[in-house]
Amino acid sequence: MNATLPLAGCRIAVTRPAAQSHELIAQLRALGAAPLVCPAIAIAPPDDYRSLDTAIAQLPSYTWLIVTSVNGVAALFERMAALGAPLTALGGLRIGAIGPATARALEHHGIRADFMPSEYVAESILAEIGDVAGQRMLLPRADIARPALAIGLRAKGAEVDEIAVYRTIPGAGIAALAEHLRAGTVDAITFTSSSTVRYTLDGLVRSGLARPAAATLLNQAAIVCIGPITAETARTEGLHIAAEAQEFTGAGVVDALVAWFAHHK
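Just so you know, these numbers come straight off a predicted model, no measurement behind them.

An account of the overall build of the protein is requested, with residue identities and associated values reported.
Looking only at helices and strands, the protein features eleven helices and ten strands. Projecting the C-alpha coordinates of the protein onto the three principal axes gives extents of approximately 55 × 40 × 35 Å. When the 265 residues of the protein are sorted by exposure, 49% land in the buried category. For the protein, the proportion of contacts with a sequence separation of at least 24, taken over those separated by at least 6, is 64%. Of the roughly 11,800 Å² that the protein leaves accessible, carbon and sulfur atoms contribute 54%. Looking at charge distribution, the protein has the averaged site of its 20 positive side-chain charges lying 4 Å from that of its 23 negative ones.

Would you mind going over helix H1 (residues 22-30) in detail, with residue names and values included?
All of the buried residues in H1 are Leu 24, Ile 25 and Leu 28. In a view along the axis of H1, the buried residues occupy a sector of 100°, so they form one face of it. Facing away from the buried side of H1, by more than 90 degrees, are the exposed residues His 22, Glu 23 and Ala 30. The elements touched by buried residues of H1 are strand E1 (11-14), strand E2 (34-37), strand E8 (188-191) and helix H11 (250-264). Phi turns positive, to about 95°, at Gly 32, one or two residues after H1.

Describe in detail the packing of aromatic side chains, supporting the description with residues and values.
Inspection of the entire model under this criterion finds two aromatic pairs. Between Trp 64 and Phe 115 the ring centres are 6.0 Å apart and the planes differ by 80°, which places this aromatic pair in the edge-to-face class. Linking Trp 64 in strand E4 (residues 64-67) with Phe 115 in the loop between helix H4 (100-108) and helix H5 (122-128), this pair joins segments that are 51 residues apart in sequence. Residue class for Trp 64 comes out buried when judged on its relative accessible area of 2%.

Reading guide: rules and limits
Residues numbered from 1 in each chain as written. Predicted model: local features only at pLDDT ≥ 70, side-chain atom pairs only at ≥ 80, totals over all residues. Heavy atoms only, no water. Helix = DSSP H or I, 4+ residues; strand = E, 2+ residues; numbered from the N terminus. Buried < 20%, exposed > 50% of the residue type's maximum accessible area, 1.4 Å probe, protein only. Contact = heavy atoms within 4.5 Å. Areas by Shrake-Rupley, 256 points an atom, 1.4 Å probe, with all protein chains shown as cover. Lys, Arg positive; Asp, Glu negative; His and termini not counted. Charge placed at Lys NZ, Arg CZ, Asp CG, Glu CD. Arc of directions from axis to C-beta. Phe/Tyr/Trp six-rings, centres within 6.5 Å; stacked < 30°, edge-to-face > 60°.

Laid out in structure tokens, this is it:
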């Protein structure tokens, strides 16, 4: 181990889904950290595809497609492929992506986002998207996504089809995280969505802890959140935020960790 690296020896728990954590883990390792892979959530298909199938059949009738996660992109395009729906069906739509990771996921399918807000949260989409009155908008999202975007777009006069295209379920990593926490071998915990916060606490409760005790155990480590929405969820649950990413991305989380450990190693 190179002791001169900024995160040398830091044991950092990654709670995002395993399939989405590779880039974050690689960045942490490159900076000398010892990542602890502890996925709090996993992604599963929807229970019922009927609403999504109807929307795919009607894609040309929409003005906008707005995707707010990499998982939403994957779920939409996987279902389009399963139905034999061509990508050209999206040709007449304006495409919105909540942030750069989602935009890159679209680009992987040859689709370029027309719009991305300056801050990667629903509130910035609403503030910056402009006049959408009378426009029909498709929002493929998680089953537990915040309703703020759909509510806000409807308030601006848009017709919004908000469709759950994937489910968020408990991940397999919380038992390992609980062991690390009890052993005192976690220096920092990263939360990259409100669901990772809630499902981490839910998992610790299932392991036998009362919820306040679970929060106390988590607070022994430095808690780093991807942005203000995740941080607010964590605070509501009684967690103490050590650092919050300035850019609401995985890279922003890494930058926040580096800055925090520079002052607290």
